[in-house]
Amino acid sequence: MVKRTPRKSRFKSPDPSFSVTEVQELMTFLLARMPHKNRDNIKTYLKNRQVLVDENPVTQFNYPLQPGQTVTVTRNKIGPAKDYRGISILYEDNDLIVINKHAGVLSVATRSKEKFTAYSLLYDHVKTNNPAAKIFVVHRLDRDTSGVMLYAKSARVQKILQKSWNDIILERVYVALAEGLVEPPEGQISSYLREDKYMRVISSMDPGSGQWAVTDYRTIRSDENYSLLEMSLRTGRKNQIRVHLQDIGHPIVGDKKYGSSQNPVARMGLHALSIAFLHPVLQKEMRFETIMPRKFLLVFK
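A brief report on the enclosed structure follows. Computed from a predicted model, the values in this text were never measured in an experiment.

From N to C terminus, the protein chain includes seven helices and 18 strands. Counting the 301 residues in the protein chain, one finds 47% classified as buried. Residue pairs at least 24 apart in sequence account for 61% of intrachain contacts in the protein chain once pairs closer than 6 positions are excluded. With the model as given, the accessible surface of the protein chain reaches about 16600 Å², and the carbon-plus-sulfur share is 49%. Counting 46 positive and 30 negative side-chain charges, the protein chain places the centres of these two groups 9 Å from one another.

Given below as structure tokens:
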């Protein structure tokens, strides 16, 4: 009988766990704790969702660790983030869900009671594991705007997020494909915004005419026909970016409501690229970034 030599484990011990004692990025932390592994090895574990921070899978190599957290590297591949037709789930824990909403999908049903919405997809998703689970709306993206957004998993977390939105949200960055060459290439747009009886947002410099709104922009790429802009929100008003780009004479392509006459991408050229926030329960900074729609770059020759 031939005696087989046991296969050597990929780890020195099953599912090693490490305590975090200082603020640092996840990649730096794991390289120090696992010197027998290189950056590519760590990236593979992250891709396969084998790295858990306080028992939640993390895929970001620059995830900011906080003292008191526990990092575990598991043997088992947890698999990719869940994708549905219309949304991709980027992150989920006991308190909230972060998604990438696709263009053409409503955030939540309107008066016409559409059944296919990001909310309905997430509602069915949480029910598969817990029949008593619920989903709560925190903010919205327009139907034709794609990108990252948050939903709460309890009324308590929803209330915290909505009540302290301006304090909790640290960054909201969009990319917009606008008509024409925007000059100057970077700057700030501000005005008072209000909604009229036709649900159209009106911009004005009259202090008594709505809520103050401020948008910063920076040109990523441009030619005489189009400008691809990075848009940072200092305030979060309804249709703020759409109205402000109309204000400067460069409406978002495909946005007929606010003056667009062109649509080379067969959708509205607005995408919520990233969001950074202070977790309402864990009290740690989190940041999620999505991929810019490829169509936005194809208009440039």
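Another point: the side chain of Ser209. Considering the arrangement of structural elements, one finds Ser209 in the loop between β14 (201-204) and β15 (211-222). By relative accessible area, Ser209 is classed as buried at 11%. Beyond its immediate chain neighbours, meaning those up to four positions away, Ser209 contacts Tyr192, Leu193, Arg194 and Ser204.

Further remarks concern the sheet that holds strand β3 (residues 51-53). Reading across from one edge, β1-β6-β3-β4 is the order of the four strands in this open sheet, with antiparallel pairing throughout. The open sheet has two edge strands with one neighbour each: β1 (17-19) and β4 (56-57).

This part takes up the layout of surface pockets. Taken as a whole, the largest pocket encloses approximately 1200 Å³ of empty space. Taken together, 35 residues make up the lining of the largest pocket; nearest its centre are Arg140, Leu141, Asp142, Lys238 and Asn239. If you list the elements that add at least two residues to the lining of the largest pocket, you get α5 (165-168), β12 (169-179) and α6 (240-247). The element that contributes the greatest number of residues to the lining of the largest pocket is α6, accounting for three residues. Each residue belonging to the lining of the largest pocket can be placed in one class, and the counts come to 13 nonpolar, ten polar and twelve charged. Of the volumes computed, that of the second largest pocket is approximately 640 Å³. Forming the walls of the second largest pocket are 24 residues, and the residues nearest its centre are Thr59, Gln60, Leu90, Phe288 and Glu289. Looking at the lining of the second largest pocket, the elements with two or more residues in it are β8 (87-92) and β18 (285-289). At five residues, β18 tops the list of elements feeding residues into the lining of the second largest pocket. Taken together, the residues of the lining of the second largest pocket sort by class into 13 nonpolar, five polar and six charged.

So, on to the pairing of β15. Two strands pair when backbone bridges link them, and strand β13 (residues 186-195) and β15 are joined in this way by eight bridges, in the antiparallel orientation. Pairing of Ser190 across the sheet is with Val214, part of β15. As paired elements, β15 and strand β16 (residues 226-233) share seven bridges and run antiparallel to each other. In the strand pairing of β16, Ser222 is matched with Ser227. Adjacent in sequence and paired antiparallel, β15 and β16 are bridged by three residues.

Glancing now at the pattern of salt bridges. Scanning the entire structure with this criterion turns up eight salt bridges. In this structure, Arg287 and Glu171 form a salt bridge, with 3.1 Å as the shortest nitrogen-oxygen distance. Linking Arg287 in strand β18 with Glu171 in strand β12, this pair joins segments that are 116 residues apart in sequence. Residue class for Arg287 comes out partly exposed when judged on its relative accessible area of 35%. One network of salt bridges, in which partners are shared, links Asp142, Arg242 and Asp255.

To continue, consider unusual backbone geometry. With the exception of glycine, the majority of residues adopt a negative phi angle, and the majority of peptide bonds are in the trans configuration. Cis geometry marks the peptide bond from Glu183 to Pro184; its omega dihedral reads -5°. Relative to the elements of secondary structure, Pro184 occurs in the loop between β12 and β13. A positive phi angle is found at Met199, which is not glycine, with a value near 65°. Here Met199 is to be found in the loop between β13 and β14. Look at Ala266: it is not a glycine, yet its phi comes out positive at around 55°. Looking at where Ala266 falls in the secondary structure, it is placed in the loop between α6 and β17 (270-278). When its relative accessible area of 62% is taken as the criterion, Ala266 is described as exposed.

Cut-offs used in this document
Residues numbered from 1 in each chain as written. Predicted model: local features only at pLDDT ≥ 70, side-chain atom pairs only at ≥ 80, totals over all residues. Heavy atoms only, no water. Helix = DSSP H or I, 4+ residues; strand = E, 2+ residues; numbered from the N terminus. Buried < 20%, exposed > 50% of the residue type's maximum accessible area, 1.4 Å probe, protein only. Contact = heavy atoms within 4.5 Å. Areas by Shrake-Rupley, 256 points an atom, 1.4 Å probe, with all protein chains shown as cover. Lys, Arg positive; Asp, Glu negative; His and termini not counted. Charge placed at Lys NZ, Arg CZ, Asp CG, Glu CD. Pairing = 2+ DSSP bridges. 1 Å grid on protein atoms, 1.4 Å probe; cavity = no way out; pocket = protein on both sides within 12 Å on 5 of 7 lines; lining within 4 Å. Points joined across faces, edges and corners; volume = space filled by probe spheres on them. Nonpolar A, V, L, I, M, F, W, Y, C, P; charged D, E, K, R; others polar. Salt bridge = Lys/Arg side-chain N within 4 Å of Asp/Glu carboxyl O.

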